[in-house]
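Architecture and fold: a report
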Amino acid sequence: MSTPAGDRDPGLQPERTRLAWRRTTLSGTVAAVLAAKAALHTGKGVGLAAVAVSSLLWLGFLALAHLRIHTLATAAPARPPRLTARHAAGATLCTIALAVCALALLF
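For clarity, every value in this text was computed on a predicted model and none was experimentally measured.

1. Focus: the side chain of Ser54
By the element assignment, Ser54 lies in helix α2 (residues 45-74). Classification of Ser54 by relative accessible area gives buried; the value is 4%. Apart from the residues lying within four places of it in its own chain, the contact partners of Ser54 are Leu98 and Cys101.

As structure tokens, then:
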């Protein structure tokens, strides 16, 4: 029995995707807090700068994740729009830059 192209049962996939964005945001939050703790403990100038930059990057990723979570929640019965290349690139760049800030804190 086939369904028309307009009717779609998304199942739990949108909910799993929303939860994945939330988990990723939570892990970024933990990493930013631990970076701040490490920088304050060592008191290096480079460490404090890395914490400031990583905090800004975390806020940027948080904004992107919130936008995607909201988009997935509002398009519940229908197919949600795809993640734009701009948002995907932003999330990727924030993640890579946070890793670079972590390396700066280690050395």
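2. Considerations on the nonpolar core
Counting eleven residues, the largest nonpolar core is built from Trp21, Ala50, Leu57, Phe61, Leu64, Ala65, Ile69, Leu72, Ala91, Cys94 and Cys101. Only α2 and α3 (85-106) provide two or more residues apiece to this core. Of the residues forming this core, the biggest block, seven residues, is contributed by α2.

3. Thoughts on the packing of helix α1 (residues 13-42) against α2
Two packed helices can be described by the angle between their axes and the distance between those axes. Between α1 and α2, whose axes approach to 10 Å, the crossing angle comes to 165°. Relative to α2, the element α1 lies roughly antiparallel. Every pair of crossing elements has a handedness; the one defined by α1 and α2 is left-handed. For the contact of α1 with α2, the residue count by class is 16 nonpolar, six polar and three charged.

4. A closer look at the packing of α2 against α3
Close contact between α2 and α3 brings their axes to 9 Å; oriented N to C, the two are set at 155°. Classified by the interaxial angle, the pair formed by α2 and α3 is roughly antiparallel. In this structure, α2 meets α3 at a crossing whose hand is left-handed. Mapping the contact onto sequence places Val46, Gly47, Ala50, Val51, Val53, Ser54, Leu57, Trp58, Gly60, Phe61, Leu64 and Leu67 in α2 and His87, Gly90, Ala91, Cys94, Thr95, Ala97, Leu98, Cys101, Ala104 and Leu105 in α3.

5. Quick word on a nonpolar patch on the surface
The grouping of Leu26, Val30 and Leu34 at the surface amounts to a nonpolar patch, some 290 Å² of accessible area in total. Within the secondary structure, Val30 sits in helix α1. What makes Val30 partly exposed here is its relative accessible area of 43%.

Cut-offs used in this document
Residues numbered from 1 in each chain as written. Predicted model: local features only at pLDDT ≥ 70, side-chain atom pairs only at ≥ 80, totals over all residues. Heavy atoms only, no water. Helix = DSSP H or I, 4+ residues; strand = E, 2+ residues; numbered from the N terminus. Buried < 20%, exposed > 50% of the residue type's maximum accessible area, 1.4 Å probe, protein only. Contact = heavy atoms within 4.5 Å. Core = buried A, V, L, I, M, F, W, Y, C linked by side-chain atoms within 4.5 Å. Axes fitted to C-alpha atoms, helices over the stretch in contact; angles between N-to-C directions. Parallel < 35°, antiparallel > 145°, perpendicular 65-115°, else oblique. Left-handed = near helix turned anticlockwise from the far one by under 90°. Nonpolar A, V, L, I, M, F, W, Y, C, P; charged D, E, K, R; others polar. Patch = residues over 30% accessible without salt bridge, like charges linked within 9 Å, V, L, I, M, F, W, Y side chains within 5 Å. Areas by Shrake-Rupley, 256 points an atom, 1.4 Å probe, with all protein chains shown as cover. Salt bridge = Lys/Arg side-chain N within 4 Å of Asp/Glu carboxyl O.

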